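# Topology and contacts: notes
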Amino acid sequence: MIPLLEGAINALIIRVNHLMTLLNPDHPVSLVRERVRDIFKDLHNQHTSLKQLLVELEGPETLLSNVLRLYNAIAREVYEIEASVVGPLSRWGEEDKKLTVLTVTACKEVKIKEFPVVLATSEMYYRIFPKYGVITVPATESRGLLNLPDLFHELGHYGHYHRQKIFSNRTLVSIRAYLDKTEQEQQRLARPIKPDWPKDFEYVWTNRWAEEIACDVFATFLVGPAYGWANLHLILRQPTPFGFSITHPADAARMDNILRVLKRMELHEPAQEIESAWNKFKQTQGYQPPIEYTFFHPEEVFTAIAEDVEDSIEEAKLHCYDGNRSGVIQILNEAWSRLRSNLANYIEWESQRIENFEISNRI
Amino acid sequence: MSQFARLHQEFEDVTGLSKRLNQALLILKRAIGHIEPIPDARRQEDAKKDISDILRFLLEKTESGPRRSWTGSILDEISKVRRRSNEETRGELQTCLIRTGESPNQVGADDLQLLDQIGTALDQSSAALYRELIHP
């Protein structure tokens, strides 16, 4: 066992060294340089820990299980850094630059002060690695405008981990209050609630869903109707809007919530347009919510989250969408408007806007 | 638009705790077993503090209230291995916390076994989250 573990630790040290050679500490883009500096620091720490493990291996057998578990943890972290950030950053190219420029410009518009690097390397959809300030998106995202509002959802996660929590006490109190209320309804009015539902409800909302919903609200406040359209566009590609799981609240409830936030922002006309398309979609597809849908998606919890996020935006002095602003946010909203009103000229208009944008912005 | 950010954060938290606990256990085991090189007093103090922090964190997060994602499953896992109820395990964590806080000499074989079982549970949880990260 010891020779194998010793070999594995040495192989991991060599891997860490290779990873460091893949990154350019003098990268011409300052934002990338900052990320590289953070990653180097992490990799350097891993290197030191691995060297220490080799020393521990010389100890008695009683220490071996701890050495093995430490090796496991470090190995997972190293492979994870490689896959999620070092690999994508080492292949930094024009598409990444365009996306990062656009995101930084949009962040500045709404007064977000922490800028992520955006890389066109995701095999899935949009993803953020909050620790490294890296968002990955699919390969062609820099060539279109329609999905870009979703960047703001990821910026919500980034802010939540780096700046301040975008939801907090009010949300947690509302979850508890809802459960108390339903318990009473169950007793007094024999509301049909299965025994597991309250426990599952508290678990999913506290551990998983609240942050997702908060990031939807965050994006809606900052991007406005474009986020609603982008979300509906995303739902078109899902099997059913009413499906939900331990990790995801139902898309239908998220869409309804985005509409509520738009109305809260007094953007009644665009909210109505999106709502009308959304209702037509549901009607056409004929989807029906499962029996537990209503219990798991109470409006009061969504509202509490929206209030928490609104406070957090106000505290951070971020600029909410008001329909009048120029710049990236306006372009994203115009894109959705033109797509629906002037499809024939849309592609040409979109390419032109992206090209103009590249000329006028640099990082 | 996924749960990826939350999942990634959980992976970092669990893996970070696993590293901290095992590093501290290496120091504690050397100190208790007089294994050369015996860590100096400062390193022993740091290790004690790390272990106390982790025990306190687990106790706090598994207190009554909502079932927490990975902390809850760690308590379940330790209880299963020790054939105890979750409440009994919490009692043992509490006793271990008190003894660790006193001096390494007060930490017995039972405590070390419990701490190693926590280490294993954290390692398994980190591995499960890692699998979820790479194969969502």
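Residues numbered from 1 in each chain as written. Chains lettered and ligands numbered in written order. Predicted model: local features only at pLDDT ≥ 70, side-chain atom pairs only at ≥ 80, totals over all residues. Heavy atoms only, no water.

Attention shifts here to the overall build of chain B. If you tally the helices and strands in chain B, you get five helices and zero strands. For chain B, buried positions account for 53% of its 136 residues. Taking the contacts inside chain B whose residues are at least 6 apart along the sequence as the reference set, 67% of them involve residues at least 24 apart. (Helix = DSSP H or I, 4+ residues; strand = E, 2+ residues; numbered from the N terminus. Buried < 20%, exposed > 50% of the residue type's maximum accessible area, 1.4 Å probe, protein only. Contact = heavy atoms within 4.5 Å.)

Now for the packing of aromatic side chains. Residues and elements named next belong to chain A. Throughout the structure, instances matching the rule amount to 20 aromatic pairs over all chains. Plain terms: the ring middles of Phe281 and Tyr287 are 6.2 Å apart, the flat faces sit at 55° to each other, and that makes the pair tilted. Overall, Phe281 belongs to the buried group, its relative accessible area being 12%. Judged by relative accessible area, which is 23%, Tyr287 ranks as partly exposed. (Phe/Tyr/Trp six-rings, centres within 6.5 Å; stacked < 30°, edge-to-face > 60°.)

Let us look at the interface of chain B and chain A. In this complex, chain B contributes 36 residues to the contact, which on the side of chain A involves 50 residues. Summed over both sides, the interface of chain B with chain A buries roughly 3900 Å², with 55% coming from carbon and sulfur. Of the charged contacts, one joins Arg69 of chain A and Asp116 of chain B as a salt bridge, the two residues approaching to 2.7 Å between their closest N and O atoms. Viewed at the interface, chain A and chain B are joined by 14 residue pairs in polar contact (both at pLDDT 80 or more). Elements supplying a minimum of two residues to the side of chain B that touches chain A: helix H1 (4-33) and helix H5 (109-134) of chain B. Here the side of chain B that touches chain A takes 19 residues from H1 of chain B, the largest share from any one element. Its residues placed into classes, the side of chain B that touches chain A shows 13 nonpolar, 13 polar and 10 charged. (Buried area = accessible area lost by both parts, 1.4 Å probe. Salt bridge = Lys/Arg side-chain N within 4 Å of Asp/Glu carboxyl O. Polar contact = N/O pair within 3.5 Å; in protein donor to acceptor, adjacent residues only side chain to side chain. Nonpolar A, V, L, I, M, F, W, Y, C, P; charged D, E, K, R; others polar.)

Right, let's talk about unusual backbone geometry for a bit. Residue and element names in this part refer to chain B. Between Glu36 and the following residue, Pro37, the backbone shows a cis peptide bond with an omega angle of -10°. Within the fold, Pro37 resides in the loop between H1 and helix H2 (41-61). In this model, His34 sits at a positive phi of 50°, which is unusual for a non-glycine residue. Positive phi outside glycine occurs at Arg83, with the angle close to 50°.

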